[in-house]
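Reading the structure
Listed below, chain by chain, are the residues.
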Amino acid sequence: MPVNPPVFTVSTLNRQVKALLEQNWSQIWLSGEISNLATPASGHLYFTLKDDRSQIRCAMFRSRATRVTFRPEHGMQVLVRANLTLYEPRGDIQMVVESMQLAGDGLLQQRFEALKMQLAAEGLFATEAKQPLPDTIRRLGVITSPSGAAIRDVLSVLKRRDPTLEVVIYPSPVQGSEAVPQLIRMIRTADERDEVDCLLLTRGGGSLEDLWCFNDERLARAVYAARLPIVSAVGHEVDTTISDYVADLRAPTPSAAAELLSTDSSHHRRQLAQQKQRLQQAWQQHRRHQSSAIALLAARLRACDPKAQLATHSQRLDELALRLTRAADGQQRSKLHALAQLQQRLASQHPDRQLAILRQRVADLQHRLTRASRAGIDNARLRQRAQTQALDAVSPLAVLSRGYSILQDPQGHTIKDSDQVEIGERLEARLHRGTLALAVTAIDPTKESLE
């Protein structure tokens, strides 16, 4: 049985192709020549990256374009780090560029970023792996070129700030093929000698190529494995190397590192003055404390006279006897008062008294019942009289007493209209007293009613 193939819309197909590209082709390094460069007012960059055989569209958005350290131009050879994607509205494959360097420096930067990611994944940059610097540094080891500008800057700052700080220089080239092995050897030598409190790994500024030995993986692992804490100060403030990331602390410049690792001598003098003042204050306080203790002991010695002690105890005994007497009298009065209250409560609860009270209550209740009964009978009589008067007011008999009568046919039906009777018909008239037998002799329907 044939299977129907799935049918895609163009939007669905482009969306799925874009997802596949972004999932499998992220963070690509690509080199080529810039062409068809467009720089709209939005700040984004749109260009084509090409070589002698192919080309691909590229887009670099403003947030990333502002970080480029040079001005991109047509024909310029560059190295870019980008993500491969699909521009859905047109179905065009394009690169979304994250960073851009000139082709020469870009290759070194690519190697730098790759090693940085590798070592970071291994944990060489982790904060918990960093060693704290000593609270006090009395001897500092400096690994650098003995003839470079960095050592001169470091020694100048240390001489100005803390002339008492000893410096041990571990000489090493800081550029070229021999630099990395010698730098590693000096780190291990300082660890073995254990003659300094801290190491400073430093050199002056230069190009990325000049500083490249400090981006070497072997040196990074030696810095990480060092027993002594290491401060890295390589190049200018804007320069960053792998050694900076691995070291226990990074300083932006050699001079800044010297400032960080030394203590201002004026600070020492202030500390010494403060300690001297604190010592004097402590001594004076100690003297005052001793004088007070001696005076207290002398007073206690005088207070130990047996006669004075006997007089004091005798007076204390008299005071206690008086307090005991007052307490006994007070307790007796309290007990007598409580007894009188109990007797009064007992008298108030005596059966004869309770019986008299109950008899009085019964008499009061009987009197109230009699009054209530009389009042109820009087009220009932008044209500009966009023109801009788109201009933008499609406009774037909009361109407008859005023001279009216009620006509009824032989069947007992009340006659209200002349149309209800015929001539010759016999009727009965009911008066206030008695009844009359009547015969209809004439009917006049024209007469108006009395209503």
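Scroll up a little and you will see the structure.
Below or above, wherever it landed, is the structure these notes cover. In this text, all values refer to a predicted model and were calculated from it rather than measured experimentally. (Residues numbered from 1 in each chain as written. Predicted model: local features only at pLDDT ≥ 70, side-chain atom pairs only at ≥ 80, totals over all residues. Heavy atoms only, no water.)

Some remarks on the pairing of strand E3 (residues 55-60)
This is how it is decided: A pair of strands is considered paired only if DSSP assigns at least 2 bridges between the two. Under the scheme used here, helices are H or I runs from DSSP no shorter than 4 residues and strands are E runs no shorter than 2 residues, and both carry numbers assigned from the N terminus.
Summarising the sheet, strand E2 (residues 45-50) and E3 pair through 6 bridges and their orientation is antiparallel. Paired with phenylalanine 47 across the two strands is cysteine 58, which belongs to E3. Adjacent in sequence and paired antiparallel, E2 and E3 are bridged by 4 residues. As paired elements, E3 and strand E5 (residues 92-102) share 3 bridges and run parallel to each other. What sits directly across from arginine 57, in E5, is glutamine 94.

With respect to the packing of helix H5 (residues 179-193) against helix H6 (residues 217-225)
Worth spelling out the cut-off: For helices, the axis comes from a line fit to the C-alpha atoms of the stretch in contact; other axes are also lines fit to C-alpha atoms, and the angle between any two N-to-C directions lies between 0 and 180 degrees. Angle categories are assigned with fixed cut-offs, so that under 35 degrees is roughly parallel, over 145 is roughly antiparallel, 65 to 115 is roughly perpendicular, and the rest are oblique. By definition, residues are in contact when any of their heavy atoms lie within 4.5 Å. Side-chain classes follow a simple rule in which Ala, Val, Leu, Ile, Met, Phe, Trp, Tyr, Cys and Pro form the nonpolar group, Asp, Glu, Lys and Arg form the charged group, and the remainder, Gly included, forms the polar group.
Running from N to C, H5 and H6 point in directions that differ by 5°, and their axes come no closer than 9 Å. As summarised for this structure, H5 and H6 are arranged roughly parallel, according to the angle between their axes. Residues Val180, Leu183, Ile184 and Ile187 of H5 form the contact with H6, whose participating residues are Arg218, Leu219, Ala222 and Val223. The residue inventory of the contact of H5 with H6, partitioned by class, reads 7 nonpolar, no polar and 1 charged.

As for the sheet that holds strand E8 (residues 198-203)
Strand order across the open sheet formed by 5 strands is E7-E6-E8-E9-E10, with parallel pairing between neighbours. Each having just a single partner strand, strand E7 (166-171) and strand E10 (249-250) make up the two edges of the open sheet. Along the sheet, H5 makes contact with strand E6 (139-144), E7, E8 and strand E9 (230-234), crossing E7 at roughly 140°.

What to know about helix H8 (residues 254-261)
Basically, it comes down to this: Accessibility here uses a 1.4 Å probe with only protein chains present; expressed as a share of the type maximum, an area under 20% marks a residue as buried, one over 50% as exposed, and anything in between as partly exposed. To be clear, the arc concerns the directions from the helix axis to the C-beta atoms.
Along H8, the positions that sit buried rather than exposed are Pro254, Ala257, Ala258 and Leu261. Taken down its axis, H8 places every buried residue within 100° of arc, on the same side. In this fold, the buried residues of H8 make contact with E6, helix H4 (149-161), E8 and E9.

Things to note about a nonpolar patch on the surface
Note the cut-off: Patch construction takes residues with relative accessible area above 30% that form no salt bridge. Like charges are linked within 9 Å, and nonpolar side chains (Val, Leu, Ile, Met, Phe, Trp, Tyr) are linked within 5 Å. Accessible surface area values rest on a Shrake-Rupley calculation with a 1.4 Å probe, where residue burial reflects the displayed protein chains alone. Any Lys or Arg side-chain nitrogen located within 4 Å of an Asp or Glu carboxyl oxygen qualifies as a salt bridge.
On the surface, a nonpolar cluster with roughly 250 Å² of combined accessible area is contributed by Phe8, Leu13 and Val17. With respect to the helices and strands, phenylalanine 8 occurs in the segment before helix H1 (10-24). The class for phenylalanine 8 is partly exposed, based on a relative accessible area of 44%.

Here's the deal with the pattern of salt bridges
Within the structure shown, the criterion is met by 13 salt bridges. For glutamate 259, the salt bridge is made with arginine 160, and the minimal N-O distance between the two is 2.8 Å. With glutamate 259 in helix H8 and arginine 160 in helix H4, this pair connects stretches of sequence that are 99 residues apart. Its relative accessible area of 32% is what places glutamate 259 among the partly exposed residues. Note that arginine 221 is salt-bridged to glutamate 217, the shortest N-O span being 2.9 Å. With arginine 221 and glutamate 217 both in helix H6 and 4 residues apart, the pair spans about one turn of that helix. What makes arginine 221 partly exposed here is its relative accessible area of 32%. Bridged by salt links that share partners, the residues Arg57, Arg90 and Asp92 form one connected network.

Here we look at unusual backbone geometry
With a phi close to 50°, asparagine 36 is a non-glycine residue in the positive phi region. Considering the arrangement of structural elements, one finds asparagine 36 in strand E1 (residues 28-38). With phi around 55°, aspartate 194 is a residue other than glycine that occupies positive phi space. Tracing the chain through its elements places aspartate 194 in the loop between H5 and E8. A relative accessible area of 47% places aspartate 194 in the partly exposed class.

Re the layout of surface pockets
Defined as follows: Grid points spaced at 1 Å over the protein atoms alone were grouped into cavities, where a 1.4 Å probe fits but cannot get out, and pockets, open sets with protein on both sides within 12 Å along at least five of seven lines, with lining residues defined by an atom within 4 Å of a point. Grid points are joined across faces, edges and corners, and a volume is the space filled by probe spheres set on the points.
There is about 800 Å³ of room inside the largest pocket. Contributing to the lining of the largest pocket are 27 residues, with Thr69, Gln101, Gln109, Leu208 and Val238 lying nearest its centre. When residues of the lining of the largest pocket are traced back to their parent elements, those giving at least two are E5 and helix H3 (103-122). A total of 5 residues in the lining of the largest pocket trace back to one element, the largest contributor, which is E5.

With respect to the sheet that holds strand E12 (residues 426-430)
If you trace the 3 strands from one edge of the open sheet to the other, you get E11-E12-E13, paired in antiparallel fashion. Two strands close off the open sheet at either side, each with one partner strand: strand E11 (406-408) and strand E13 (435-439). Adjacent strand axes in the sheet meet at a mean angle of 30° when their direction is disregarded.

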